[in-house]
Amino acid sequence: MSDEEHHFESKADAGASKTYPQQAGTIRKNGYIVIKNRPCKVVEVSTSKTGKHGHAKCHFVGIDIFNGKKLEDIVPSSHNCDVPHVTRTDYQLIDISEDGFLSLLTENGSTKDDLRLPTDETLLAQIKDGFAEGKDLVVTAMSSMGEEQICALKDIGPK
């Protein structure tokens, strides 16, 4: 046996896939789907009848969960589609830096400083105003496929 220690770079995802396969015919409205390599929330699903060559087709209309763009895809219902792993995490807001990054407190007490202010104007205004008033704010970040963005805000009372 060798006496040297091995150090591994920890990436914290354990090689987990960003997506998982699901049969197109089983994906429903309000679920998630990957369209054109973007994670989307399904807003409309329509299934056509089997045609001359025997495949029913599913027509998906999805809205990108990060930039709000509408995307469409048509897939045979028996084929597999990629479904993104979407996680929502709550963080307590500590500070807002001048360059537009948020300083956040995680569940385990460490800080997270790599999230930008959201691009959504109303949410941006709510966060800035609430922080300026000295309220205790909890922001919800949605992460999927290696991207993370603030999507909601909760006020948990004054400091």
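Here's a quick rundown of the structure. Starting from 1, residues in each chain are numbered consecutively following that chain's sequence as written. pLDDT decides what is reported in this predicted model: residues at 70 or higher carry local features, side-chain atom pairs at 80 or more are listed and counted, and totals for whole chains, interfaces and linings draw on all residues regardless. Derived side-chain values reflect all non-hydrogen atoms in the structure, with water molecules and hydrogen atoms excluded from consideration.

Time to look at the nonpolar core. The criterion is simple. A nonpolar core is a set of buried Ala, Val, Leu, Ile, Met, Phe, Trp, Tyr and Cys residues joined through side-chain atoms within 4.5 Å. Think of it in three bands: with a 1.4 Å probe and only protein chains considered, a residue is buried below 20% of the maximum accessible area for its type, exposed above 50%, and partly exposed in between. Membership of the largest hydrophobic core comes to 14 residues, with the highest contact counts inside it found for L93, L102, L104, I127 and I150. Each helix is a run of DSSP H or I of at least 4 residues and each strand a run of E of at least 2, with the numbering of both proceeding from the N terminus. Looking at this core, the elements with two or more residues in it are strand 7 (87-96), strand 8 (101-105), helix 1 (121-132) and strand 10 (135-144). Whether two residues are in contact is decided by their heavy atoms, any of which lying within 4.5 Å being enough. Other than its neighbours up to four places away in sequence, L93 contacts L102, S103, L104, I127, F131 and L137. One finds I33, L71, V75 and V83 within the second-largest nonpolar core, a separate group that totals 12 residues.

Time to look at the pattern of salt bridges. Any Lys or Arg side-chain nitrogen located within 4 Å of an Asp or Glu carboxyl oxygen qualifies as a salt bridge. Within this structure, the stated rule accounts for seven salt bridges. The partner of K112 in a salt bridge is E148, with the nearest N and O atoms 3.2 Å apart. Of this pair, K112 sits in strand 9 (residues 111-116) while E148 sits in strand 11 (residues 147-158), and the two are 36 residues apart along the sequence. The exposure class of K112 is buried, given its relative accessible area of 15%. If you follow the salt bridges from partner to partner, you end up with R38, D64 and E147 in one network.

Take the sheet that holds strand 4 (residues 57-64) next. On the basis of which strands lie adjacent, the open sheet formed by four strands has the order 2-3-4-5 and antiparallel pairing. The strands lining the two open edges of the sheet, one partner per strand, are strand 2 (32-35) and strand 5 (70-76). Adjacent strand axes in the sheet meet at a mean angle of 45 degrees when their direction is disregarded. Whether two strands pair depends on DSSP finding at least two bridges between them. Interaxial angles span 0 to 180 degrees and are taken between N-to-C directions of axes, which are lines fitted to C-alpha atoms, for helices over the stretch in contact.

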